[in-house]
Amino acid sequence: MKVLVIGGGAREHALCRSLSLDPDVTALHCAPGNAGIAEVAELHQVDALDGAAVARLAGDLEADLVVVGPEAPLVAGVADAVRAAGIPCFGPSAEAARLEGSKAFAKDVMASAGVPTARSYVCTTPAEIDEALDAFGAPYVVKDDGLAAGKGVVVTDDLERARAHALSCDRVVIEEYLDGPEVSLFAITDGTTVLPLTPAQDFKRALDGDEGPNTGGMGAYSPLPWADPKLVDEVMATVLQPTVDELRRRGTPFSGLLYAGLAITSRGVRVIEFNARFGDPETQVVLARLRTPLAGVLLHAANGTLDSEPPLTWRDEAAVTVVVAAHAYPGTPRTGDPITGLDEVAERDAPHAYVLHAGTKRDGDAVVSAGGRVLSVTATGEDLAQARERAYAAVGRIRLDGSQYRTDIARAAAEQR
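Presented here is an overview of the structure given in this document. (Residues numbered from 1 in each chain as written. Predicted model: local features only at pLDDT ≥ 70, side-chain atom pairs only at ≥ 80, totals over all residues. Heavy atoms only, no water.)

### As for the state of the cysteines
What counts here: Whenever a pair of cysteine sulfur atoms sits within 2.5 Å, that pair is classed as a disulfide. Burial classes: relative accessible area under 20% of the type maximum marks a residue as buried, over 50% as exposed, and values in between as partly exposed (1.4 Å probe, protein chains only).
Applying the stated rule across the entire model yields zero disulfides. Unpaired in this structure, C89 has its nearest cysteine sulfur neighbour in C30, at a distance of 13 Å. Classification of C89 as buried rests on a relative accessible area of 0%.

In structure tokens:
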């Protein structure tokens, strides 16, 4: 089949890499892509938020499947436009993507479906904000209701910082703090059948020891040696299937990738948030472990025939991703800096370690930084310790002036026996 992937980050590079390894994929395209994706797919320019333009491109390419990577095009209705043109599309409708596009909507769906989540208030006035902050106390959890590129959430003990963030949002969700480790669990669904993927954990804070500001994610690993073996079954029964069933009951079936961000609290599993697409950087480690060819699964989900797909199969290997970020990320990152060492990683570390591009572009013969999170260095190994060792060895070969990365990704989990 011919596949078109929409997006240009490390998540899309991970998707394109997996699709390029699928023997059923005869042609692979990506729009707009990046310098790394260009090595495995033909790149095209398109406004990713313009559904009609994406549908035209897919038609011109005679694509058999369109995969929409980022959340903003999904919320903008790009998947609807592609489907309206008669082309199978992996990604939810704009109405179903509100599960990520509006945290208040997600809370309403969870309440109707009986999905366990944090108690919360939706606030639009300063008085409501003050009342909610006072009701829950510290640590304060303040979430912009809309999309914010992974930076709309503030968790802080500082009341004034929490209030300032809340006041900067048009509509804000303030909720109780959930204790315990966080887990990301993806599921592929056609709106009825749900296929869970393997759990992963990501690292949101910029600095070692979970210090510093929230980011879009500085690294991830899978599997989770400390997690209950029954976790996936529990989340399927209490979170994923009820949510999919509730959206179908409302007449807005969710077809695509349902991402549950979870807290494993002292009182059980609770949903922190839903996303309507593959998460970054968790996708990088999850797909590194997926043995089942990807294209057919995504096409079955797009066509509503996922019930014919057998359970997914997984490699026994562990996977670790370390994000290399630009100078000053997550503030105002510096761009245009040359990146070297990529060829060295390919020569010395493949196939166990490889580089997935996020914020990069070509400048003549050079690859330069073009975003905050620049690269996702991903490695596999017999266990997390070996995967970590390989990932950081590859990171050490890369040179990007002023770059930063965390040195403790998966360290605690790797030390567990």
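### A word on the packing of aromatic side chains
The condition that has to hold: For Phe, Tyr and Trp, rings pair up if their centres lie within 6.5 Å, where Trp contributes its six-membered ring, and each pair is then called stacked (planes under 30 degrees apart), edge-to-face (over 60) or tilted (otherwise). The secondary structure listing takes helices from DSSP runs of H or I that are at least 4 residues long and strands from runs of E that are at least 2 residues long, numbered from the N terminus.
One pass over the full model with this rule turns up six aromatic pairs. Judged by centre distance (5.1 Å) and plane angle (35 degrees), the ring pair of F186 and Y259 falls under tilted. Placement of F186 in strand 10 (residues 182-189) and of Y259 in strand 16 (residues 256-265) is noted, with a sequence separation of 73 residues between them. An identical accessibility class is assigned to F186 and Y259; each is buried. Between the aromatic rings of F186 and F278, the centroid separation amounts to 5.9 Å while the plane-to-plane angle is 85 degrees, which identifies the pairing as edge-to-face. With F186 in strand 10 and F278 in the loop between strand 17 (268-275) and helix 10 (282-289), this residue pair connects regions lying 92 residues apart in the sequence. Classification of F186 by relative accessible area gives buried; the value is 1%.

### Looking at the sheet that holds strand 24 (residues 399-400)
The criterion, for reference: A pair of strands is considered paired only if DSSP assigns at least 2 bridges between the two.
Taken in spatial order, the four strands make up an open sheet running 21-22-19-24, and their pairing is antiparallel. The sheet is open, and its two edges are formed by strand 21 (360-363) and strand 24, each paired on a single side. Relative to strand 22 (residues 366-369), strand 19 (residues 338-340) is paired through two bridges, and the arrangement is antiparallel. Each bridged residue has a counterpart across the sheet, and for I339 the counterpart in strand 22 is V367.

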